[in-house]
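A look at the structure
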Amino acid sequence: SIPEFTVQSGVSLASAAAIKAALELGRRGVTETAPEAMMIRSPADCASLLAPDMQHLEQENLVTVILNTRNRVLKVHTCYVGSLNSAMVRTGELFREAVRRNAAAIIVAHNHPSGDPTPSPEDVTLTRQLVQAGKLMDIDVLDHMIIGRSGNYVSMKERGLGFT
């Protein structure tokens, strides 16, 4: 935040605001392609879409990337904002926006505020539950991504975790 920046760096309030604005412009430049126009072809595509916004969050956030039949992004929907190390998830709520948008598929993603994207046993269990629910609803769960810091991420599908 701007007050934290001024205290830690000794920068004036006006300069801190200008720096924060410049960083936001840079972030937007990196992700300038409207999410709705993006096609997801790989976990790296999904990570490049989500990491700029998720890698520095101080609380665990869980989002769904809602996709059409050609894996084009219809919407990135924040489902939950949790605590430092957890987010309580109700499966039905996670699929709600996908059903509203008549989605063909979703990718579930959350961040680990610690910066370490290593999946927990709870992450694997959640993935299994979501894959099963998606099959019942005819909405493919293509992946469950965990976003860490500095561009680190884990694709649970690539690791074979919860997609059996």
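Residues numbered from 1 in each chain as written. Predicted model: local features only at pLDDT ≥ 70, side-chain atom pairs only at ≥ 80, totals over all residues. Heavy atoms only, no water.

Some thoughts on the pattern of salt bridges
Definition in use: For this document, the term salt bridge refers to a Lys or Arg side-chain nitrogen within 4 Å of an Asp or Glu carboxyl oxygen. For helices the rule is a DSSP run of H or I covering at least 4 residues; for strands it is a run of E covering at least 2, with both sets numbered from the N terminus onward. Summary of the burial criterion: residues with accessible area below 20% of their type's maximum are buried, those above 50% are exposed, and those between are partly exposed, where the area comes from a 1.4 Å probe applied to protein chains only.
Applying the stated criterion across every chain yields a total of four salt bridges. A salt bridge links Lys75 to Glu97; the shortest N-O distance between them is 3.4 Å. Within this pair, whereas Lys75 is found in strand β2 (residues 73-81), its partner Glu97 is found in helix α4 (residues 91-100), the two being separated by 22 residues in sequence. You can call Lys75 partly exposed: its relative accessible area is 24%. With its nearest N and O atoms 3.2 Å apart, the salt bridge here joins Glu97 to Arg100.

Quick look at the side chain of Asp143
Basically, it comes down to this: When charges are counted, neither His nor the chain ends are considered; positive counts come from Lys and Arg and negative counts from Asp and Glu. In protein, a polar contact means a hydrogen-donor-capable atom and an acceptor-capable atom, both N or O and within 3.5 Å, with residues adjacent in sequence counting only if both atoms are side-chain atoms; elsewhere, any N or O pair within 3.5 Å suffices. Two residues qualify as a contact provided that any one of their heavy atoms is within 4.5 Å of a heavy atom in the partner residue.
Its location among the elements puts Asp143 in strand β4 (residues 140-147). As a buried residue without a salt bridge, Asp143 has its nearest oppositely charged side chain in Lys157, at a separation of 7.4 Å. Within the structure, the side chain of Asp143 is placed 2.5 Å from the side chain of Ser155, a separation counted as a polar contact. A distance of 3.0 Å separates the side chain of Asp143 from the backbone nitrogen of Lys157, its partner in a polar contact. Beyond its immediate stretch of four places on either side in the chain, Asp143 contacts Pro43, Ile106, Ile107, Val108, Ser155, Met156, Lys157 and Phe163.

Details of the pairing of β4
Remark: a regular strand shows side chains that alternate across the two faces of the sheet. Worth spelling out the cut-off: We treat two strands as partners when DSSP finds at least two bridges between them. Here a crossover is taken to be right-handed if, once the strands point away from the viewer, the path from the first strand over the helix to the second is traced clockwise.
Buried residues dominate β4, accounting for six of its eight residues. Both strand β3 (residues 105-111) and β4 contribute to a ladder of seven bridges, which runs parallel. Paired with Ile106 across the strands is Val141, a residue of β4. With respect to chirality, the unit in which β3 leads through helix α5 (residues 121-137) into the neighbouring parallel β4 is right-handed. Of the strand pairs in this sheet, β4 and strand β5 (residues 153-155) are connected by three bridges, and their pairing is antiparallel. Residue pairing in the sheet places Ile147 in a bridge with Tyr153 of β5. Hairpin remark: β4 followed by β5, antiparallel, with five residues in the connecting loop; positive phi at Ser150, about 55°.

Notes on the packing of α4 against α5
What counts is decided by this rule: Between N-to-C directions, angles span 0 to 180 degrees; the directions come from axes that are lines fitted to C-alpha atoms, helices contributing only their stretch in contact. Reported orientations rely on four angle classes, namely roughly parallel under 35 degrees, roughly antiparallel over 145, roughly perpendicular from 65 to 115, and oblique for the rest. Crossing handedness follows the turn of the near helix against the far one: under a right angle anticlockwise gives a left-handed crossing, and clockwise gives a right-handed one. Just so you know the grouping, Ala, Val, Leu, Ile, Met, Phe, Trp, Tyr, Cys and Pro go in nonpolar, Asp, Glu, Lys and Arg go in charged, and all remaining residues, Gly too, go in polar.
Look at α4 against α5: their axes get within 11 Å of each other, and the N-to-C directions meet at 45°. Compared by their axis directions, α4 and α5 come out oblique. Seen along the crossing, α4 lies across α5 with a hand that is right-handed. Facing α4, whose interface residues are Thr91, Leu94, Phe95 and Val99, α5 presents Leu130, Ala133, Gly134 and Met137. Looking at the contact of α4 with α5 residue by residue, the class counts come to six nonpolar, two polar and no charged.

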